Amino acid sequence: MKGNESCPRRQPAALVLPAPAPYNAALLTGKWQAFPMLDPKLLRAQPEVVAAQLARRGFVFDLERFRGLEARRKALQTETEKLQAERNAGSKRIGQAKGKGEDVSPIFEDMERIKGQLAGNEQALAALQAEFEDFVLGLPNIPHASVPDGRDEDENVELRRWGAPRTSAGAKDHADLGEALGLMDFAAAAKLTGARFTVLRGALARMQRALIQFMLDVHTQAHGYEELYVPYIVNAASLRGTGQLPKFGEDLFALRNTGAEDRDWRLIPTAEVPVTNLLRDEIQEADALPRKWVAHTPCFRAEAGAAGRDTKGMIRQHQFEKVELVQATLPEDSQRAHEELTAHAEAILKKLELPFRTVALCTGDLGFAAAKTYDLEVWLPSQQRYREISSCSNFEDFQARRMLARYRHAQTRKPELLHTLNGSGLAVGRTLVAILENYQDGEGGIAVPAALQPYLGGMQRIAPAPRA
RNA sequence: GGAGAGAUGGCCGAGUGGACGAAGGCGCUCCCCUGCUAAGGGAGUAUAGGGUCAAAAGCCUUAUCGCGGGUUCGAAUCCCGCUCUCUCCGCCA
């Protein structure tokens, strides 16, 4: 999920950010994490550092508002807790006095006063804490130090290319190819539902299923992931855990008639949500890490802000299939795991012999929850350019903090936040698109990638429909 | 969908409105004893916040016994609503 849309890229001239605070090595290379960002302790201790780091990705951190909220919270909370302590002590004294048969009426007078003050205070504090939480939940993750600075996708950095792209003109796009084969039907889907859906038939429907099977097999057998089957409907707590809520509710399909008034169920936008949330409120033993999970699910996205983009074909749909990789690691291992997970996604493209490139997203293009992201972009001959087919991100402790996903430190035996990562391995619909376009034979037929043939009963080519 | 039972710490399990963040047991950690793949003895062992501190330690403090409300000076305990789990009936892939 990209969060950059809602992050203003230009700062108003009136707002002058303080000079970045001196690089605090102790804070940034703490006992178990390189970037303990959005840690409330750091937020309070050095909000300017947070502001400066978030500014890298074009996010304006409202220092003044934060400081105001924080000052009010501190005063109110201290006072409220003092009153609570008085009340608790008073109650205890009543119990003790009664046990000895003493008169308790003077204590009661005192309690009456405390009770009155507490009622108002507790209400005000709850409201203030809710406001504070909203503010903090709206803060995106801090880019990792290795993420290149930049404003938008034009400043992403290409890391490597693989394969030889077909640069000759005349390649048909996947929608034309699929419709000509009679195996891809957008009109039928529009009748059934509306725009941005697809009906696949025959060999293409089967090829999509084969791709799912193929990807799952590679990741479970060659890359060591455990396969999961998970719910396609999740609750709000799960969406908050991975960062989709509260900020990106517009991108999600919400369900009605769920059987309970206050039940807030949504269709998953990615398997990341149910899979990563398995860790929510759990403490892993250190030797159980890394956890490596792979799941195939359909994904549902409202595409609220995408009107007019990629309107033709299967590139941007409300419903698509994806095979998702998720890892949970020790903090010190997440950087290495990120490289590894990206390589696992790349392996699928290589086995399918699809030309692609790997880019490092710049700070301005990073998703809301990500500290660092590599996108894999596959070559689409009809567009003569690379298009995203996988996004592999390291979230460090950002999701873990929201989810309270922890592990027990081997030495200290204390619970510590773990790191989470995920990546598409791959987006299946777009993989199908890429195969159609890259394997078109110029006569309306589509060759089947060698790696996929065993999953299609040895089929080597999808032949064009006979002319009527 | 109908009827009933339940939810307490890593696990099992006790808990009379007041000394309960919670007996006891298991597990785990450390120590002692023991010449030995055993047994015994002792100590410790929930989590998340806030304050203080340059920081850590420490100290002070709040909250948490499924979740949310309520009664009360005081709630694991009483009342109401909800969620989940289990059993039986019905329906169903």
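Residues numbered from 1 in each chain as written. Chains lettered and ligands numbered in written order. Predicted model: local features only at pLDDT ≥ 70, side-chain atom pairs only at ≥ 80, totals over all residues. Heavy atoms only, no water.

Our next topic: the overall build of chain A. From N to C terminus, chain A includes 13 helices and 17 strands. Residue burial in chain A is summarised as follows: out of 468 residues, 50% are buried. For chain A, restricting intrachain contacts to residue pairs at least 6 apart in sequence, the fraction spanning at least 24 positions comes to 74%. Total accessible area computed for chain A in this model is approximately 22,300 Å², and 50% of it derives from carbon and sulfur atoms. (Helix = DSSP H or I, 4+ residues; strand = E, 2+ residues; numbered from the N terminus. Buried < 20%, exposed > 50% of the residue type's maximum accessible area, 1.4 Å probe, protein only. Contact = heavy atoms within 4.5 Å. Areas by Shrake-Rupley, 256 points an atom, 1.4 Å probe, with all protein chains shown as cover.)

Enumeration over the complete set of coordinates arrives at 10 aromatic pairs. On the basis of an interplanar angle of 25 degrees and a centroid distance of 5.8 Å, the ring pair of tryptophan 162 and phenylalanine 356 is categorised as stacked. Residue tryptophan 162 is located in strand S1 (residues 157-162), and its partner phenylalanine 356 is located in strand S10 (residues 356-360); the two are separated by 194 residues in the primary sequence. Under the relative-accessibility criterion, tryptophan 162 is labelled partly exposed at 30%. Judged by centre distance (5.8 Å) and plane angle (75 degrees), the rings of phenylalanine 214 and tyrosine 455 are edge-to-face. With phenylalanine 214 in helix H8 (residues 202-221) and tyrosine 455 in the loop between strand S16 (446-447) and strand S17 (461-462), this pair connects stretches of sequence that are 241 residues apart. We classify phenylalanine 214 as buried; its relative accessible area is 4%. (Phe/Tyr/Trp six-rings, centres within 6.5 Å; stacked < 30°, edge-to-face > 60°.)

Residues at a pLDDT of 70 or more form 91% of chain A, whose mean pLDDT is 87. Considering only residues more than four positions removed or in separate chains, one finds that residues 1-37, a stretch of pLDDT under 50, has 79 contacts. The ipTM, which scores confidence in the relative placement of chains, is 0.84 for this predicted complex, and the corresponding pTM is 0.87. (pLDDT = per-residue confidence, 0-100.)

Moving on, we get to the protein's contact with RNA strand B. RNA strand B sits among 20 residues. The nearest are Arg44, Glu81, Ser91, Met111 and Arg406. When the atoms of RNA strand B within 4 Å of the protein are sorted by group, sugar and phosphate make up 69%. For RNA strand B, a sugar or linking oxygen lies 3.1 Å from a polar atom in the side chain of glutamine 77. Of all elements in the fold, only helix H4 (63-100) and helix H5 (105-137) reach the threshold of two or more residues within the surface near RNA strand B. Element by element, the count of residues in the surface near RNA strand B is highest for H4, at 13 residues. When grouped by side-chain class, the residues that make up the surface near RNA strand B number 5 nonpolar, 6 polar and 9 charged. (Near = heavy atom within 4 Å. Polar contact = N/O pair within 3.5 Å; in protein donor to acceptor, adjacent residues only side chain to side chain. Nonpolar A, V, L, I, M, F, W, Y, C, P; charged D, E, K, R; others polar.)

Next up on the list: the packing of H4 against H5. H5 packs onto H4 with a crossing angle of 150 degrees between their chain directions and a minimal axis gap of 8 Å. The pairing of H4 with H5 is recorded here as roughly antiparallel in orientation. Crossing angle aside, the handedness with which H4 passes H5 is left-handed. Residues belonging to the contact of H4 with H5 are distributed by class as follows: 15 nonpolar, 8 polar and 11 charged. (Axes fitted to C-alpha atoms, helices over the stretch in contact; angles between N-to-C directions. Parallel < 35°, antiparallel > 145°, perpendicular 65-115°, else oblique. Left-handed = near helix turned anticlockwise from the far one by under 90°.)

This part covers the sheet that holds strand S13 (residues 406-408). Taken in spatial order, the 3 strands make up an open sheet running S7-S13-S14, and their pairing is mixed. Edge positions in the sheet fall to strand S7 (283-285) and strand S14 (415-417), since each has one partner strand and no second. Strand-to-strand twist in this sheet, taken as the mean axis angle between neighbours without regard to direction, amounts to 40 degrees. Across 3 bridges, the pairing between S7 and S13 is parallel. Each residue of the ladder has a partner; that of isoleucine 283, found in S13, is arginine 406. (Pairing = 2+ DSSP bridges.)

So, on to the pairing of strand S11 (residues 372-380). The buried fraction of S11 amounts to 9 of the 9 residues, a majority that puts the element mostly inside the structure. Side chains of S11 alternate between two faces, with Lys372, Tyr374, Leu376, Val378 and Leu380 and Thr373, Asp375, Glu377 and Trp379 buried alike. Judged from the 5 bridges that link them, S10 and S11 form a sheet pairing that is antiparallel. Across the sheet, residue valine 359 finds its bridge partner in S11, namely aspartate 375. In terms of strand pairing, S11 meets strand S12 (residues 385-396) through 9 bridges, oriented antiparallel. Residue pairing across strands places lysine 372 opposite asparagine 394, the latter belonging to S12.

A few words on unusual backbone geometry. In this model, leucine 245 is joined to proline 246 through a cis peptide bond whose omega is 5 degrees. With respect to the secondary-structure elements, proline 246 resides in the loop between helix H9 (236-242) and strand S6 (265-267). In this model, glycine 425 is joined to leucine 426 through a cis peptide bond whose omega is 10 degrees. Along the polypeptide, leucine 426 turns up in strand S15 (residues 419-427). The backbone of glutamate 353 sits at a positive phi, close to 55 degrees, despite the residue not being glycine. With respect to the helices and strands, the residue glutamate 353 is situated in the loop between helix H11 (334-351) and S10.

What follows is about the side chain of glutamine 284. Relative to the elements of secondary structure, glutamine 284 occurs in strand S7. Side chain to side chain, glutamine 284 and arginine 291 meet in a polar contact 3.0 Å long. Not counting residues within four places of it along the chain, the set of residues in contact with glutamine 284 comprises Leu279, Leu289, Arg291, Arg406, Tyr407, Arg408 and Leu418.

So, about the environment of arginine 196. Mapping arginine 196 onto the fold places it in the loop between helix H7 (186-192) and strand S3 (199-200). Relative accessible area serves as the criterion here: at 15%, arginine 196 is assigned to the buried category. Note: C-alpha distance between arginine 196 and glutamine 319 (123 residues apart in sequence) is 7.9 Å. Leave out the neighbours within four places in its chain, and arginine 196 touches Ala306, Ala307, Gly308, Arg309, Asp310, Thr311, Arg316, Gln317, His318 and Gln319. Among the polar contacts listed, one links the side chain of arginine 196 to the backbone oxygen of alanine 306, at a separation of 3.1 Å.

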